[in-house]
Amino acid sequence: MATAAAPPQSVQIPDRLYFRIGDVCRLSGLKAHVLRYWEAEFPPLSPKKSGTNQRLYKRKDVELVLEIKHLLYDEKFTLEGAREHLQKRKSLIRSAPKPAPAPVAQGLLFDPRADWLAQAGAVRSELKSILRLLE
DNA sequence: CTTCTGACA
DNA sequence: TGTCAGTA
């Protein structure tokens, strides 16, 4: 499975650093004026500008264009609905890498996260300290 | 030849 | 969203 396909990205984006608006038009099937209009409607879609004010889209920009196109034309979201969807999508990515472990009080005899060997050792040292206190 | 902005339908 | 003008 070397060519494992990522999410439903029906269009393959060439391996170039930047794309001009005409390239993005062919890749997305959208008209240039639509892409420019979307820049005003979707703040996150902000291709860098060259010295001569030419738009320079990066891969991420092209991917975003494709995603917006899907939301608008396939899922029939309104401009506002698509904006909100993108917001939630980003906040989900931010909170994703949070496999926060459950805090366990120190000194607790039984730690559910520990393996049997570790638990046995914990119990043993716990009993040792208790016996010391009884001496 | 392509892209850009602004304006107007 | 589509189109036209005048540029860079």
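Cut-offs used in this document
Residues numbered from 1 in each chain as written. Chains lettered and ligands numbered in written order. Predicted model: local features only at pLDDT ≥ 70, side-chain atom pairs only at ≥ 80, totals over all residues. Heavy atoms only, no water. Near = heavy atom within 4 Å. Polar contact = N/O pair within 3.5 Å; in protein donor to acceptor, adjacent residues only side chain to side chain. Nonpolar A, V, L, I, M, F, W, Y, C, P; charged D, E, K, R; others polar. Axes fitted to C-alpha atoms, helices over the stretch in contact; angles between N-to-C directions. Helix = DSSP H or I, 4+ residues; strand = E, 2+ residues; numbered from the N terminus. Parallel < 35°, antiparallel > 145°, perpendicular 65-115°, else oblique. Contact = heavy atoms within 4.5 Å. Salt bridge = Lys/Arg side-chain N within 4 Å of Asp/Glu carboxyl O. Buried < 20%, exposed > 50% of the residue type's maximum accessible area, 1.4 Å probe, protein only.

> Requested: an account of the protein's contact with DNA strand B, with residues and values cited.
The immediate surroundings of DNA strand B are formed by Arg-20, Ile-21, Gly-22, Arg-36, Lys-49, Asn-53, Gln-54 and Arg-55. For DNA strand B, a sugar or linking oxygen lies 3.4 Å from a polar atom in the side chain of Gln-54. When grouped by side-chain class, the residues that make up the surface near DNA strand B number one nonpolar, three polar and four charged.

> Please give an account of the packing of helix α1 (residues 21-28) against helix α2 (residues 32-41) that cites residues and values.
It is the contact of α1 with α2, at a shortest axis distance of 9 Å, that shows an interaxial angle of 105°. By the angle between their directions, the pair α1 and α2 is classed as roughly perpendicular. Two secondary-structure elements touch here, α1 through Ile-21, Val-24 and Cys-25 and α2 through Ala-32, Leu-35 and Arg-36. Here the contact of α1 with α2 is composed, by residue class, of five nonpolar, no polar and one charged.

> I'd like a description of the protein's contact with DNA strand C, backed by residues and values.
Contacts to DNA strand C come from His-33, Val-34, Tyr-37, Trp-38 and Tyr-73. Of all atoms in DNA strand C that approach within 4 Å of the protein, 60% are sugar or phosphate atoms. Here a phosphate oxygen of DNA strand C sits 3.1 Å away from a polar atom, N or O, in the side chain of His-33. Between a phosphate oxygen of DNA strand C and a side-chain N or O atom of Tyr-73, the distance comes to 2.5 Å. By residue number, the principal contributor to the surface near DNA strand C is α2, which donates four residues.

> Account for the side chain of Glu-39, naming residues and giving values.
For Glu-39, the location among the structural elements is in helix α2. Ignoring anything within four residues of it in the chain, the contact list for Glu-39 reads Leu-45, Pro-47, Arg-55 and Tyr-57.

> So what about the pattern of salt bridges? Which residues, and what values?
Side-chain pairing between opposite charges can occur once the charged atoms of the two side chains come close. On inspection of all chains with the given rule, the structure shows six salt bridges. Note that Arg-26 and Asp-23 form a salt bridge whose closest N and O atoms lie 3.9 Å from each other. On the criterion of helical spacing, the pair formed by Arg-26 and Asp-23 is a turn pair, its members being three residues apart in helix α1. Relative accessible area serves as the criterion here: at 13%, Asp-23 is assigned to the buried category. Arg-83 is the partner of Glu-41 in a salt bridge, and the nearest nitrogen-oxygen pair spans 3.1 Å. Residue Glu-41 is found in helix α2, and its partner Arg-83 is found in helix α4 (residues 79-95); the two are separated by 42 residues along the sequence. You can call Arg-83 partly exposed: its relative accessible area is 28%. Because the salt bridges share partners, they merge into one network encompassing Arg-16, Arg-20, Asp-23 and Arg-26.

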